[in-house]
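What follows is the residue order along each chain.
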Amino acid sequence: MSAFYSWSRFALRTAAAATGIEGRPTKLIFIVTKRCYSRCVYCDIWKIKDTPGGLDGELSLDEVQAIAAANPYLQWIDFTGGEPTDRPDFPQVVQAFARACPDLLLVHFPTNGIATKRVEQMALEIQQTVRARLVVSVSIDGPPELNDRLRGVRNDFEHAVDTFAAVRRLLGPDNVFIGMTLHGHRASCGHTTSELIELTFAAINGALQARSEAAISWDEFHLNIPHLSQHYYGNTGNEAKDGFGGEAHRAEMMEALKLAASKSRRRFLSAMGAIERIYRVEAGRYLAAGRTSITCAALLSTVYLSEKGEVYPCTIWNRPLGNVRTTAFALMPIIEAARRDGVRRAVAEQKCPNCWTPCEAYPAIGASPVRSLLALSRS
Ligand code: SF4
Ligand code: SF4
């Protein structure tokens, strides 16, 4: 398929979703593994015990290939984890979807950046064999000392900067981002969240300069709101910990988002710049009111698949819908049953836990053009 044809199909399917037509989702969020050797304080995925042959019940490569073949309509896939590159056959997982989905446009994976050589090698293998655009985000949650403490790995900051630089050299600056989660920083170090994002930004650029690498701009620095999720992060016991939505923390995150927005230099008419601005405006609204004006696209344009084949509406809502191992690996029978059971309606009526995660926010922005334009006019 030509890229033009695939983009046209994507635009048509997104427009159909915007009018409420319940077709097949364009985007899959796929947890390829829950293996991870970070020790982040706000996520309990790493506590799952690793085993040499793969984690208990994890989908095999044969099963992944069957899932790809049974769902060839996907156009955008977030391959996430755990640490996706801790799955040794990760490039083959991506290749399976690329072979089976002729209109695949966008592939994204996040990385903790610990294993620079491996991440670089896997990104290269994917880039050389997959036609879709590859985007990688590298997690850094603070300046070196704080980042290493929050992520529980010695020299994590330095490894993550090495990985960012290596993958950016490979894929180009528009395809590699830093992702920083705004997790209770003040209590961790005494700085406000706004001060912390400036210190983190400066520390990353200092480290890049020391490596003779180009600086990053604020457009390459994405801020995430922390969320709780039992079936994904396994962190719902963490509410009592600092950094999960206390009033002062929410106010600090709003300030930090505004600060980052004021420093962004993307041109007004850049599509990515506009989407990021809408994301930040709605993140502020979500932090202030617990809701956004944009309707979530879960089970309309997007769906979540766990490493064991369980289907959920999204990363946040602990609402198991069925397992692809019982449907010959097809997602649609499970999605259609969930729609009949009113799960999609509950999402549209905001009767789900409500959140504003980037995984769901970006497709939701596409599927809500009028409200997105209104949000953009307020940015
Ligand atoms: S947030 Fe990501 S890197 Fe950190 S423990 Fe969880 S899965 Fe691993
Ligand atoms: S708004 Fe609801 S359905 Fe959408 S991602 Fe958040 S919790 Fe899930």
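You'll find the structure just up there.
What counts, and at which threshold
Residues numbered from 1 in each chain as written. Chains lettered and ligands numbered in written order. Predicted model: local features only at pLDDT ≥ 70, side-chain atom pairs only at ≥ 80, totals over all residues. Helix = DSSP H or I, 4+ residues; strand = E, 2+ residues; numbered from the N terminus. Rg over C-alpha atoms; globule rule 2.2 N^0.38 Å. Buried ≥ 20, exposed ≤ 12 C-beta atoms within 10 Å, placed from the backbone. Contact = placed C-beta atoms within 7 Å. Expected span 1.5 Å × (residues − 1). Arc of directions from axis to C-beta. Pairing = 2+ DSSP bridges. Right-handed = clockwise from strand over helix to strand, strands pointing away. Axes fitted to C-alpha atoms, helices over the stretch in contact; angles between N-to-C directions. Parallel < 35°, antiparallel > 145°, perpendicular 65-115°, else oblique.

Student: I tried to follow the overall build of the protein on my own but got confused; where do I start?
Tutor: Along its length, the protein carries 14 helices and nine strands. Computed over C-alpha atoms, the radius of gyration of the protein comes to 20 Å, within 12% of the 21 Å expected from 2.2 N^0.38 for 379 residues, which places it in the range of a compact globule. Each principal axis of the C-alpha distribution contributes one length, and for the protein these read about 50 × 45 × 45 Å. Looking at the protein residue by residue over its 379 residues, the buried ones come to 46%. When contacts within the protein are restricted to residue pairs at least 6 apart in sequence, those whose partners lie at least 24 apart make up 75%.

Student: So what exactly am I meant to see when it comes to the environment of Arg133 here?
Tutor: For Arg133, the location among the structural elements is in strand 4 (residues 133-139). Once the C-alpha coordinates of Arg133 and Leu105 are considered, the two residues, 28 residues apart in sequence, prove to be 6.1 Å apart. In this structure Arg133 touches Leu105, Leu106 and Asn175, once residues within four positions along its chain are discounted.

Student: What exactly am I supposed to notice about helix 8 (residues 193-210) here?
Tutor: Given 3.6 residues per turn, any residue in an α-helix points the same way as the ones three and four places further on. Compared with the 26 Å implied by 1.5 Å per residue over 18 residues, the 25 Å span of helix 8 between its first and last C-alpha is a close match. Looking only at helix 8, the buried set comprises Thr193, Leu196, Ile197, Thr200, Phe201, Ile204 and Ala207. Mapping the buried residues of helix 8 onto a view down its axis gives an arc of 135°, with all of them on the same face. Turned more than 90 degrees away from the buried face of helix 8 sit Ala202, Gln209 and Ala210, all of them exposed. Residue Ser212 follows helix 8 closely and has a positive phi angle near 60°.

Student: Would you mind going over the pairing of strand 3 (residues 106-111) with me for this structure?
Tutor: When a strand is regular, its side chains alternate between the sheet's two faces. Of all six residues in strand 3, five are buried, a share of seventy percent or more. Bridge count for strand 2 (residues 76-80) against strand 3 is three bridges, and the pairing is parallel. By the bridge assignment for strand 3, Asp78 is matched with His108. In this fold, the crossover linking strand 2 to strand 3 by way of helix 3 (residues 90-100) has right-handed handedness. Remark: the strand 3/helix 4 (residues 116-129)/strand 4 crossover connection has right-handed handedness.

Student: Looking at this structure, I do not really get the pairing of strand 6 (residues 221-224). What am I missing?
Tutor: The alternating pattern of strand 6 places Phe221 and Leu223 on a buried face, while none of His222 and Asn224, on the opposite face, is buried. Judged from the four bridges that link them, strand 5 (residues 176-181) and strand 6 form a sheet pairing that is parallel. Of the residues in strand 6, the one forming a bridge with Met180 is Leu223.

Student: Please explain the sheet that holds strand 1 (residues 27-31) as it appears in this structure.
Tutor: To summarise the sheet geometry, strands pair through backbone hydrogen bonds and adopt either a parallel or an antiparallel arrangement. Spatially, nine strands are ordered 6-5-4-3-2-1-7-8-9 in an open sheet, and the strand pairing comes out mixed. Strand pairing shows two members of the sheet lacking a second neighbour, strand 6 and strand 9 (322-323), which therefore form its edges.

Student: Sorry, what's going on with the packing of helix 10 (residues 271-289) against helix 14 (residues 369-377) here?
Tutor: When two helices pack together, you describe them by how their axes are tilted relative to each other and by the distance separating the axes. Running from N to C, helix 10 and helix 14 point in directions that differ by 85°, and their axes come no closer than 9 Å. Relative to helix 14, the element helix 10 is oriented roughly perpendicular. Judged by residue contacts, Ala274, Arg277, Ile278, Val281 and Glu282 of helix 10 engage Ser372, Ala375 and Leu376 from helix 14.

Student: Explanation requested: helix 1 (residues 3-18) in the structure shown.
Tutor: Spanning 16 residues, helix 1 covers 22 Å between terminal C-alpha atoms, matching the ideal 22 Å at 1.5 Å per step. At the exit of helix 1 stands Gly20, carrying a positive phi of roughly 90°.

Student: Sorry, what's going on with unusual backbone geometry here?
Tutor: As a rule of thumb, non-glycine residues mostly have phi less than zero, and peptide bonds are mostly trans rather than cis. A positive phi is found at Ser212, a non-glycine position, where the angle reads about 60°. Looking at where Ser212 falls in the secondary structure, it is placed in the loop between helix 8 and strand 6. Judged by C-beta crowding, with 7 C-beta atoms within 10 Å, Ser212 ranks as exposed. Even without being a glycine, Ala328 presents a positive backbone phi close to 55°. Topologically, Ala328 is positioned in the loop between strand 9 and helix 11 (332-340).

Student: Would you explain the environment of Glu145 in this entry?
Tutor: Mapped onto the elements of the fold, Glu145 is located in helix 5 (residues 144-151). Glu145 gets classed as exposed once you count the C-beta atoms within 10 Å, which come to 11. Once the C-alpha coordinates of Glu145 and Asn155 are considered, the two residues, ten residues apart in sequence, prove to be 8.5 Å apart.

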